[in-house]
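Per-entry structural report
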Amino acid sequence: MRVLITGGYGFIGAWIIRNLLSQGAQVWVYDLKEDPRRLRLILPESEVQKVQFVSGDVTHLGQLQQVIQQHAISHVIHLAGLQVPTCRANPILGATVNVVGTLCVFEAVRLAGSQIKRLVYASTAAVFGPPEKYPAGPLADDVKLFPATHYGHFKVCNEGNAAVYFQDFGISSVGLRPWTVYGVGRDLGMTSEPTKAIKSVVLKRPYHISYGGWQDLQYVNDVALAFIRALEAPYHGAKSYNLRGAVVDIQTFHRALCEVAPEAKNLITHGDRQLTIAFDLSDEAFQKDFGPLPKTPLQEGIRQTIEIFKQLQSQGKLDTADLEASPAPAPVTTDEP
């Protein structure tokens, strides 16, 4: 495969690249600037150098067309986008990148014709509304969506446009909806806090997770493998799929972290505010169409994350900039959550 990844230097992109390279794929990253620092957290420099960088703006159709043609791209993963805070502060910019940029990717794929074998793009669990909007139990992909942010609405728009491209031009695509993805390299966004808590334990420093309640914790390598399976498997259609990992409350995450690293009991605290996105999402459709795809148990995902953080620490490569930018930790207590 000759894979173009827009926004490929992000957290999930780095892990997708790691897996693609291990399979012998050729990878091009299309992004505004070259920034392989997350790749260097999980790959040796010899592997990082195999990734080819192409400077470009996802909202420029002509640039995308040229890159796809010049490098004979066969598969596209579209990850580029702006997150919730930016979309809230500047909705026009958010729509330009998230919606117009996605349309440009689809249009570039359409214009490339049969050269492109598959397009997979990142949607989000933020297309769902708050838990109280839904009945109890796992929610299917096609329940009514009640996004509470511009970001969520932009992603709903992308899912709809993907369906139209299939309807009008027969372009198959797969949208995937991650929830709280954790692991080495997760350094941005509110749901990066569980990863920052794990890193803080390795550094033996206190950390307060600002929210509580329930969420769906998905180990990053599982999410990366889901993207790759959707890229490779036979498929005809344009559906968006929920992903599912460990659906747990923050207390359960804290207990799991303490079981792997007992020192976390005196270092990590958390709030009690429930995030306003439905957390109990069924991945039955994804497993049926693309599975079976195994899931890393929560404790094992935490263990693997700690192991890599410790390796980076021993090499003097464990960056703490993301922790310095976080709110000051709450007072530490020794009470069980």
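Quick note: structure is the one above.
What you see is a predicted model; the values in this text were computed from it and never measured.

A look at helix H6 (residues 91–112)
Turn by turn, an α-helix covers 3.6 residues, leaving residues three or four places apart pointing in a common direction. Compared with an ideal rise of 1.5 Å per residue, which puts 22 residues at 32 Å, H6 spans 30 Å between its outermost C-alpha atoms and is within 8% of the ideal. Within H6 the residues assigned to the buried category are Gly 94, Val 97, Asn 98, Val 99, Gly 101, Thr 102, Cys 104, Val 105, Phe 106, Glu 107, Ala 108 and Val 109. Backbone geometry just downstream of H6 places Gly 113 in the positive-phi region, at approximately 65°.

Side note on the nonpolar core
Counting residues in hydrophobic clusters, the biggest one holds 82 residues, and the most contacted among them are Ile 16, Leu 176 and Phe 227. Setting aside chain neighbours within four positions, we find Leu 176 in contact with Val 120, Tyr 121, Ala 122, Ser 123, Thr 124, Ala 226, Phe 227, Ala 230, Tyr 241, Leu 243 and Phe 286. One finds Trp 28, Ile 116, Ala 162 and Tyr 165 within the second-largest nonpolar core, a separate group that totals 23 residues.

Topic: the environment of Val 51
Residue placement: Val 51 occurs in the loop between helix H3 (45–48) and strand S3 (52–55). Assessed through its relative accessible area of 9%, Val 51 is described here as buried. Separated by 231 residues in sequence, Val 51 and Ser 282 place their C-alpha atoms 34 Å apart. Ignoring sequence-local partners within four residues, the contact set of Val 51 consists of Ile 17, Leu 21, Val 27, Val 29 and Leu 39.

Quick look at the sheet that holds strand S7 (residues 180–182)
Overall, mixed pairing links the three strands, which are arranged S7-S9-S11 in an open sheet. The open sheet has two edge strands, S7 and strand S11 (246–249), and neither has a second partner. When the angles between neighbouring strand axes are averaged without regard to direction, this sheet yields 40°. Across four bridges, the pairing between strand S9 (residues 214–219) and S11 is antiparallel. Bridge assignment links Asp 216 to a residue of S11, and that residue is Val 247. Helix H8 (residues 193–203) rests against S7 and S9 of the sheet, and its axis sits at about 25° to S7. Sheet contacts for helix H9 (residues 220–232): S7 and S9; angle to S9, the most-contacted strand, approximately 70°.

What counts and how
- Residues numbered from 1 in each chain as written.
- Predicted model: local features only at pLDDT ≥ 70, side-chain atom pairs only at ≥ 80, totals over all residues.
- Heavy atoms only, no water.
- Helix = DSSP H or I, 4+ residues; strand = E, 2+ residues; numbered from the N terminus.
- Expected span 1.5 Å × (residues − 1).
- Buried < 20%, exposed > 50% of the residue type's maximum accessible area, 1.4 Å probe, protein only.
- Core = buried A, V, L, I, M, F, W, Y, C linked by side-chain atoms within 4.5 Å.
- Contact = heavy atoms within 4.5 Å.
- Pairing = 2+ DSSP bridges.
- Axes fitted to C-alpha atoms, helices over the stretch in contact; angles between N-to-C directions.

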